[in-house]
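Read off the chains here:
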Amino acid sequence: MPHPNPAQAHTNVGKATGKAGAYGGSELGSLIGGAAGPPIIGGIIGNLVGEKIGEKAIHKTGIDDKVTEAGDKLAGVIGRRNVDKLGDMTMTAFGYSDSEVCVCCPCLPASQVLLFITVPFFVYNWYKLGVGVDYERSCSTTPPNDTSYYYNTTDNVTDIYPCEFGFHYLVASSTVWICFLPFWISALFGNCWRQCCCCCCDPIVLCGTIIDFVKRCCCEVGKFNCCEFIWYSHCAFHLIWATLGLVWLAGLPVSANPHDKIEVPGWEVPKTVWETVLASVVLDFLLAGSEVFHRVKLHMARNNPETQEIAEQGQMLHPVTGQQPGVPGGGVGGQYQQQQSNGHQL
């Protein structure tokens, strides 16, 4: 049976155990704080204090070290990647995953920040879709027969106006977002257990864990994750689409326009359309770009050779299990001292 190389860094199940203790401590602290003090403020303070005490208690009792040791042994049987996957699922369910680190607002988990943004953004996309459909359904691809025709909004006659790319941009962008946002919001809510101050907290965490388990076990083939491929392909689409929208705002021709644009004297893009497209381009760059940026940053952090080297050095300097620190032979420092004493004897 293969055994893990002791020079390699530990698996993450020990860290996940500590975070599980933090979650349990926060739950207990929230109950005690809510009962002893003001219902809301006491619960929040108890939650924060209990989180720290719970994680510290796991470390003091050595439970995390035992789980880490067991995880290292299990890694030699089923592979380290599979063991780390279990730890990742646990930390994701409790809101402590590496993906929860937000660069813009590091004091809050990323899922909480995104949840406050995506819910109003979902509503905004319905408004954006309404604006785009309203203008695109009435635009014309055929020029008027009257050569002296001039676009005029002061009379009661229905005017002919060209099919601008901005109309199509609003419809396509909002439609794709509306298809994906409900799933994204549901996933964010499942990770935002800290925002839940009611009896639904544990069922939400359990449901999020089950969904994450199915996603990781049924949608992954080696290092390829089908769900992540679809999601980041969707983000790449919005980045490309927003770039085309920016080109249209700059007044340049866009080859992606599915309609032939006719020339209509007197026509100007309505202010509502122009402002909606501008806001949509900014939000598409922020949200889709933020997702891609955080993913690249997380990938670089996980594959950083310096980080792995520091972890390996920490593992090598860690005292050997079953030996007390300070005793000769108990770790690298003890072995060095023993060698020095043997040298003086010689």
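What you see is a predicted model; the values in this text were computed from it and never measured.

Details of the pattern of salt bridges
Evaluation of the coordinates by the stated rule reveals three salt bridges. The closest approach of N and O atoms between E69 and K73, which form a salt bridge, is 3.6 Å. Separated by four residues within a single helix, E69 and K73 lie in helix α3 (residues 63-78), roughly one turn from each other. Measuring nitrogen to oxygen at the nearest pair gives 3.8 Å for the salt bridge that ties E275 to K271. With E275 and K271 both in helix α9 (residues 271-302) and four residues apart, this pair spans about one turn of that helix.

A closer look at the nonpolar core
Residues Y169, W248, V273 and V277 are the most contacted members of the largest nonpolar core, which totals 20 residues. Breaking this core down by element, the ones donating at least two residues are α6 (165-191), α8 (226-249) and α9. Per element, the largest residue contribution to this core is five residues, and it comes from α6. Setting aside chain neighbours within four positions, we find V273 in contact with V131, Y135, F167, L170 and W248. L115, F121, W184 and I185 belong to the second largest nonpolar core, which has 13 residues in total.

Some remarks on the packing of helix α1 (residues 13-36) against α3
Their axes nearest at 7 Å, the elements α1 and α3 cross at an angle of 145 degrees. Like other packed secondary-structure pairs, α1 and α3 cross with a definite hand, here right-handed. Contact residues: V13, G14 and T17 in α1; I63, D64, V67, T68 and G71 in α3. A class-by-class count of the residues in the contact of α1 with α3 yields three nonpolar, four polar and one charged.

Re α3
With 16 residues, α3 ought to run about 22 Å at 1.5 Å a step, and its terminal C-alpha atoms sit 22 Å apart, in line with that. One or two positions beyond α3, positive phi appears at G79, with a value near 95 degrees.

Definitions and limits used
Residues numbered from 1 in each chain as written. Predicted model: local features only at pLDDT ≥ 70, side-chain atom pairs only at ≥ 80, totals over all residues. Heavy atoms only, no water. Salt bridge = Lys/Arg side-chain N within 4 Å of Asp/Glu carboxyl O. Helix = DSSP H or I, 4+ residues; strand = E, 2+ residues; numbered from the N terminus. Core = buried A, V, L, I, M, F, W, Y, C linked by side-chain atoms within 4.5 Å. Buried < 20%, exposed > 50% of the residue type's maximum accessible area, 1.4 Å probe, protein only. Contact = heavy atoms within 4.5 Å. Axes fitted to C-alpha atoms, helices over the stretch in contact; angles between N-to-C directions. Left-handed = near helix turned anticlockwise from the far one by under 90°. Nonpolar A, V, L, I, M, F, W, Y, C, P; charged D, E, K, R; others polar. Expected span 1.5 Å × (residues − 1).

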